[in-house]
Amino acid sequence: MAKQEDDFKKVIAHAKEYGYVFQSSEIYDGLSAVYDYAQNGVELKNNIREYWWKAMVQLHENIVGLDAAIFMHPTTWKASGHIDAFNDPLIDNKDSKKRYRADVLVEDHVARIEAKIDKEVEKAAKRFGETFDKEQFLATNARVIGYMEQAGAILKRLGKSLEKEDLADVKLLIEELEIACPVSGSRNWTDVKQFNLMFGTKLGATADTAMDLYLRPETAQGIFVNFLNVQKTGRMKIPFGIAQVGKAFRNEIVARQFIFRMREFEQMEMQFFIRPGTQKEWYEQWKETRMKWHLSMGMGPENYRFHDHEKLAHYADAAADIEFRFPFGFKELEGIHSRTDFDLGNHEKYSGKKLQYFDPDTNEHYVPYVVETSIGLDRMFLAVFSNSLQEEELDNGTSRTVLKIPPVLAPTKAAVLPLVKKDGLPEVAMKIYDELKWDYNIAYDEKDAVGRRYRRQDAAGTPLCITVDHQTLEDDTVTLRYRDSMEQIRIPVATIREKVSLEVDMKYWLKKMA
Ligand code: ATP
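Described in the following lines is the structure provided in the data block. (Residues numbered from 1 in each chain as written. Predicted model: local features only at pLDDT ≥ 70, side-chain atom pairs only at ≥ 80, totals over all residues. Heavy atoms only, no water.)

## Description of the sheet that holds strand β21 (residues 464-468)
The five strands lie next to each other as β20-β19-β21-β22-β23, forming an open sheet whose pairing is mixed. Bordering the open sheet on either side are β20 (442-444) and β23 (488-492), each of which pairs with just one other strand. Strand-to-strand twist of the sheet, defined as the mean angle between neighbouring strand axes without regard to direction, takes the value 25°. Pairing analysis gives three bridges linking strand β19 (residues 414-418) to β20, with the strands arranged parallel. In the sheet register, Ala 415 faces β20, and the bridge partner there is Ala 443. The sheet strands contacting helix α14 (residues 425-436) are β19, β20, β21 and β22 (477-482), and the helix crosses β20 at an angle near 165°. (Pairing = 2+ DSSP bridges. Helix = DSSP H or I, 4+ residues; strand = E, 2+ residues; numbered from the N terminus. Axes fitted to C-alpha atoms, helices over the stretch in contact; angles between N-to-C directions. Contact = heavy atoms within 4.5 Å.)

## Re the site of the ligand
Taken together, 17 residues form the shell around the ligand, and within it Glu 252, Arg 261, Met 262, Glu 332 and Leu 333 come nearest. Here a nitrogen atom of the ligand and a side-chain polar atom of Glu 252 are 2.7 Å apart. Here the ligand, which alone exposes 590 Å², has 88% of that area covered by the protein. Taken together, the elements giving at least two residues each to the shell around the ligand come down to β10 (264-274), β13 (329-340) and β16 (369-376). (Near = heavy atom within 4 Å. Polar contact = N/O pair within 3.5 Å; in protein donor to acceptor, adjacent residues only side chain to side chain. Areas by Shrake-Rupley, 256 points an atom, 1.4 Å probe, with all protein chains shown as cover.)

## Description of the pattern of salt bridges
Within the structure shown, the criterion is met by 41 salt bridges. Here Asp 458 and Arg 400 are joined by a salt bridge, their closest N and O atoms 2.9 Å apart. In this pair, Asp 458 sits in helix α15 (residues 450-460) while Arg 400 sits in strand β18 (residues 399-403), placing the two residues 58 residues apart along the sequence. Accessibility assignment for this pair places Asp 458 and Arg 400 in one class, buried. Here the salt bridges share partners, and the residues they tie into one network are Glu 392, Arg 400, Lys 404, Arg 455, Asp 458 and Arg 481. (Salt bridge = Lys/Arg side-chain N within 4 Å of Asp/Glu carboxyl O. Buried < 20%, exposed > 50% of the residue type's maximum accessible area, 1.4 Å probe, protein only.)

## Describing the sheet that holds strand β12 (residues 318-326)
Hydrogen bonds between backbone groups are what pair the strands of a sheet, and the pairing can be parallel or antiparallel. Strand order in the open sheet formed by seven strands is β3-β9-β10-β16-β13-β12-β11, and the pairing between neighbours is mixed. Two strands lie at the open edges of the sheet, namely β3 (63-66) and β11 (304-308), each paired on one side alone. Direction aside, neighbouring strands of the sheet carry axes that sit 25° apart on average. Direction of pairing for β3 relative to strand β9 (residues 240-249): parallel, over a ladder of four bridges. Bridged to Ile 63 within β9 is Gly 241. Across the sheet, helix α11 (residues 279-296) lies against β3, β10, β11, β12, β13 and β16, angled at about 20° from β16, the strand it touches most.

Fair warning: the whole summary comes from geometry, so function is off the table for now.
Next up, the structure:
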């Protein structure tokens, strides 16, 4: 646990030091769970957004985009169920006066049990060496099986109690598991209460005419209310999807963990409209497609897993998370939800307008079913950033800090470095920079010894360095250095553009999804 916390602190410190993420309003001591993206952060965020958009919209002939407003008619949130049901169960510790999400306290307890399983696996792997079979060990080791059963039973009970809104049982569960407040260490808990997560605001100038509004807690509803407009004007045939990226706001009770849980964040959502009865197939298909997207970035299949929901949200008939191994353990990164006709059906009811589709293949009118994929852009940012930050021991006994961001997402694609600041090398380097800048974000750096410049680019996450030296003046070649392997090759100036393109262009990475 201490190592995890330490690693996570390093991630946060590195994000600040290298211009990725700053605390919002830092000069006023910050605003809790609100963050700003700095010069490198904004580039990484833009790249993740674009990588998602291309995969979802550009590469699917039946998915189109949308950019709906953050403000929506307040009845939207009545229809969507958010006014009545968008609650988190909260609990206070009477001694520390700290507030927690009751379900998160229980889930953290389960994560500690799961960590014990990981420890057993690690120990056994050491003991058995080469002959170790993890699958077999997990299936047969009595202690591990015991832990797994324990974790499963706790989650099942939590899911059931939340579904039945049995908050007394959630408290009982916390007491039975002897969960203590991480701050005071005491088990002196209040009852569990529901807390609505939407931020309210007002539209209008005078108090008596002002209208109560909410900042949208998800982008999905902007898609639902525009469903028929898009279907008709785009002449879309079911099945089809509408994708959107935009801000969402939630008054999170426990907003810890940096940009993992924020009060203002960005979602990348896609609602896929289908014929009723086909939701199971589409749900499975989107689970697979989305996992392929994640894997295409090369961050390691061992860092992802599916988690099927026991407790379903008020709108869903099936739901799964794609979880990622964050520095604090496996946690939700993306949700895939089979939302039935809940939203469109309710918008019909509340608006009095028909939201039906005429299916020319079956000659019938119906309210489509929906399968949604929903991923937090900021959470994806954290997944990429935390997974990329590595301390490496080098052969020569030194070490380096390197940010191995997948090159396709890296804020700066290459740095052009003249070996020395004289003999005409800066001019040649500048020329290369001027050529490349039309296609890519490129850095130019001539300060300090070249070794130090390499380290700086490693730590900032730049995948390629192009070094201009005296030989360049003679034969028009440069050194191309790869961040991850530190390999250096000599290439003609005329081939630089193509080399960079092969490393960083989205099309080569997206093709891995096929
Ligand atoms: P959690 O259980 O972590 O609160 P959720 O199940 O409420 O998440 P969804 O409503 O399914 O999340 O939202 C879809 C995605 O939006 C999540 O998978 C996550 O990546 C992102 N997300 C949700 N809440 C936040 C938040 N407060 N800060 C950053 N990202 C968020």
